[in-house]
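Fold and geometry: a report
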There are 2 protein chains.
Amino acid sequence: MGEFDLIERFFKRPVRRAALGVGDDCALLQPAPGMHLAVSSDMLVEGRHFLSTVDPRALGHKALAVNLSDLAACGAKPLAFTLALALPSADAAWLGPFSEGLLALADAHGCELVGGDTTRGPLNICITVFGEVPRGQALLRSGAQAGDDIYVSGTVGDARLALEVFRGQLAMPQEVFTQARARMEQPTPRVALGLALRGVATAAVDVSDGLLGDLGHVLKASGLGARIEAAAAQRLMGCADAPLSPAQRLDFALAGGDDYELAFTAPPSARGQVKGAVAHAQVQVTRIGSTTAEPGVRVVDAQGQPLEQRFGSFDHFG
Amino acid sequence: MGEFDLIERFFKRPVRRAALGVGDDCALLQPAPGMHLAVSSDMLVEGRHFLSTVDPRALGHKALAVNLSDLAACGAKPLAFTLALALPSADAAWLGPFSEGLLALADAHGCELVGGDTTRGPLNICITVFGEVPRGQALLRSGAQAGDDIYVSGTVGDARLALEVFRGQLAMPQEVFTQARARMEQPTPRVALGLALRGVATAAVDVSDGLLGDLGHVLKASGLGARIEAAAAQRLMGCADAPLSPAQRLDFALAGGDDYELAFTAPPSARGQVKGAVAHAQVQVTRIGSTTAEPGVRVVDAQGQPLEQRFGSFDHFG
């Protein structure tokens, strides 16, 4: 199977919205008038972002999900994406389920594959995604105000729990591992929530490298600090049946990584609007604290006393 | 050096034209009214697209050049690009010249780095480039008409000559090798020519996998065949001093690969306009034959007799 057959067989589909899709030197996109085009690229490498044993269908899903999560964090509606793929060989038994997982998620979000590249090489998946957002309505990292509430969608820390089990660092009952593994391998991008938060959230970020680290980008860009309630943060971790101490739950929640949830800020006066957005998007969110004019992040106990604990963030070169 | 330091140090620059550049979840682009956004992605892998010994400055140049060449083939004006980079380590001695080579070419074309991703992994460079083209004016592969002239810009075959010398398949005098190597490592994207050919060329394609193979995409998309004059095609090869037979020159020119020139078609009635476009873009082009209603490609000698020779195209999975 040659390069062009491979594209034809697994990835070429009728173009619907783009002016020109797969099969020319460029794809042509036409954002609607008054719209900004939001663009994000993520590269997934074997051993860093997924294990060699992963189901290719789940990997196809995840490769696009992590990109859609970036659009969600900007409040952008998915439009299209390009896929560049380095493969050790053109293996139909792998490409079939990979493309199915990828395109099923793409279809669910009306996000069209418009172009890309394939080459032989160590497995590497690079997706660039395009979305549209009305001019001036993108959710940025820099918009948080002192005293804003801090919210996190869904659950965080579970993907990291699965990774630690895979690494043999932790043992978990099978049903806990299955639940955690699904969160690691098939994250759910919070696209509907991102759209519902336009005009409501003051800032938002995609939680991919660990909650505190990613929240730190919002705080830095907005010139703020934060006060996080440990009790609320502990509740962010899913896998309720996992035999973990409260301190471990806090650790996984605040510095897990690979979560693809949204962290966002909104003023206390907007709590009703946040509730409405959350109901509309049909996703749970947890209020975990608030931003402070004073820089730095303090994680506090039920008595308001700072915990000593230090939390890291995942850094690919750290 | 961590991931964010790396981005900050080598790749973060003031944003000029994009609404929002490096440092949020997404970049925001705003194409001008009436413009289509042209998008292309290329992935470069060590050992396939470049040798491990390549000067990182040349590699930075080439990684963007091959993408700009796709924009050129669509007649699109470069606007912005994203860079996703997998690196074995965060090596400043490599990243410094790589980013300089990359950004020098970006600056020369007013093409802004707006986002991307970095991760640890086998060296892999994935760039997605964005350009703009007035609606309806993009140069497509599908627009050629029977009887159109076929043109090729610059020289082709030289990069392949250098590769054969690197592989030990051929020996060349040092000055020939130096010249060929420069063509392999620092291709010149024909952006000005692509812009000048808007409204002149009926179809265009980027020559990256070998002239006949890439021209074949135009012929297939346009439902045509072609008649190529061997004598003209032999003149496409640069490296005039290379000790090669006429048959070898033809071989390198027609099936070399890694050229990043433009092949395009235009009716004989537009020869004056082609001449004007070429003069404006300050690049040489060679007319090598014409398209035919009859399918298939015939390479003919000075007497119009078809040559027996068969020419391939580079296929990453062939």
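Residues numbered from 1 in each chain as written. Chains lettered and ligands numbered in written order. Predicted model: local features only at pLDDT ≥ 70, side-chain atom pairs only at ≥ 80, totals over all residues. Heavy atoms only, no water.

In the annotation of an unreviewed UniProt entry, chain A is listed under the name Thiamine-monophosphate kinase and assigned to Pseudorhodoferax soli. Here is the UniProt Sequence similarities (unreviewed entry) comment for chain A, exactly as written: "Belongs to the thiamine-monophosphate kinase family." Here is the UniProt Function (unreviewed entry) comment for chain A, exactly as written: "Catalyzes the ATP-dependent phosphorylation of thiamine-monophosphate (TMP) to form thiamine-pyrophosphate (TPP), the active form of vitamin B1." (UniProt positions renumbered as here; feature names shortened; annotations may be inferred.)

1. Some words on the relation of the copies chain A and chain B
Mapping chain A onto chain B is achieved by rotating through 180° and translating by 0.0 Å along the same axis, at an RMSD of 0.0 Å. Expressed as an axis order, the relation between the two copies is that of a two-fold axis. Same-surface contact between copies: 100% of interface residues of chain A are shared with the interface of chain B. (Least-squares fit on C-alpha atoms with pLDDT ≥ 70 in both. Contact = heavy atoms within 4.5 Å.)

2. Focus on the sheet that holds strand E6 (residues 149–153) of chain A
All names here are of chain A. On the basis of which strands lie adjacent, the open sheet formed by six strands has the order E7-E9-E6-E10-E8-E11 and mixed pairing. Here the strands that pair on one side only, and so sit at the sheet edges, are strand E7 (203–207) and strand E11 (297–300). Strand-to-strand, the axes of this sheet are offset by a mean angle of 25°, without reference to chain direction. Bridge count for E7 against strand E9 (residues 261–266) is five bridges, and the pairing is antiparallel. Of the residues in E9, the one forming a bridge with Val-207 is Glu-261. (Pairing = 2+ DSSP bridges. Helix = DSSP H or I, 4+ residues; strand = E, 2+ residues; numbered from the N terminus. Axes fitted to C-alpha atoms, helices over the stretch in contact; angles between N-to-C directions.)

3. What about the interface of chain A and chain B?
Facing the 63 residues of chain A at the interface are 63 residues of chain B. Buried surface at the junction of chain A and chain B, both sides included, amounts to about 5,100 Å², of which 59% is carbon and sulfur. Counting the contacts that link chain A with chain B gives zero salt bridges. Connecting chain A to chain B are eleven residue pairs in polar contact (both at pLDDT 80 or more). Breaking the side of chain A that touches chain B down by element, the ones donating at least two residues are helix H1 (3–11), strand E1 (27–29), strand E2 (35–45), helix H2 (56–74), strand E3 (77–87), strand E4 (112–120), strand E5 (124–134) and E7 of chain A. No other element matches the nine residues that E2(A) contributes to the side of chain A that touches chain B. Among the residues forming the side of chain A that touches chain B, the class breakdown is 33 nonpolar, 17 polar and 13 charged. By the bridge criterion, three bridges tie E1(A) to strand E2 (residues 35–45) of chain B in an arrangement that is antiparallel. (Buried area = accessible area lost by both parts, 1.4 Å probe. Salt bridge = Lys/Arg side-chain N within 4 Å of Asp/Glu carboxyl O. Polar contact = N/O pair within 3.5 Å; in protein donor to acceptor, adjacent residues only side chain to side chain. Nonpolar A, V, L, I, M, F, W, Y, C, P; charged D, E, K, R; others polar.)

4. Side note on the UniProt feature "binding site: substrate" (unreviewed entry) in chain A
Residue and element names in this part refer to chain A. According to UniProt, the positions carrying the feature "binding site: substrate" (unreviewed entry) are His-49, Asp-258 and Phe-314. Relative to the helices and strands, His-49 is located in the loop between E2 and H2. Engagement of the side chain of His-49 in a polar contact is seen with the backbone nitrogen of Val-45, the distance being 2.9 Å. As for its position among the elements, Asp-258 is in the loop between helix H9 (246–255) and E9. Beyond its immediate sequence surroundings of up to four residues, Asp-258 is in contact with Lys-62, Ala-159, Arg-183, Met-184 and Ser-208. Within polar-contact distance, the side chain of Asp-258 engages the side chain of Lys-62 at 2.8 Å.

5. Observations regarding the sheet that holds strand E1 (residues 27–29) of chain B
Taken together, the five strands give an open sheet; going across it, the order is E4(A)-E3(A)-E5(A)-E2(A)-E1(B), and neighbouring strands pair in mixed fashion. Two strands in the sheet have a free side with no partner beyond their single neighbour: E4 of chain A together with E1 of chain B. Between one strand axis and the next, the sheet turns through 20° on average, direction left out of account. Direction of pairing for E2(A) relative to E5(A): antiparallel, over a ladder of eleven bridges. What sits directly across from Ser41(A), in E5(A), is Thr128(A).

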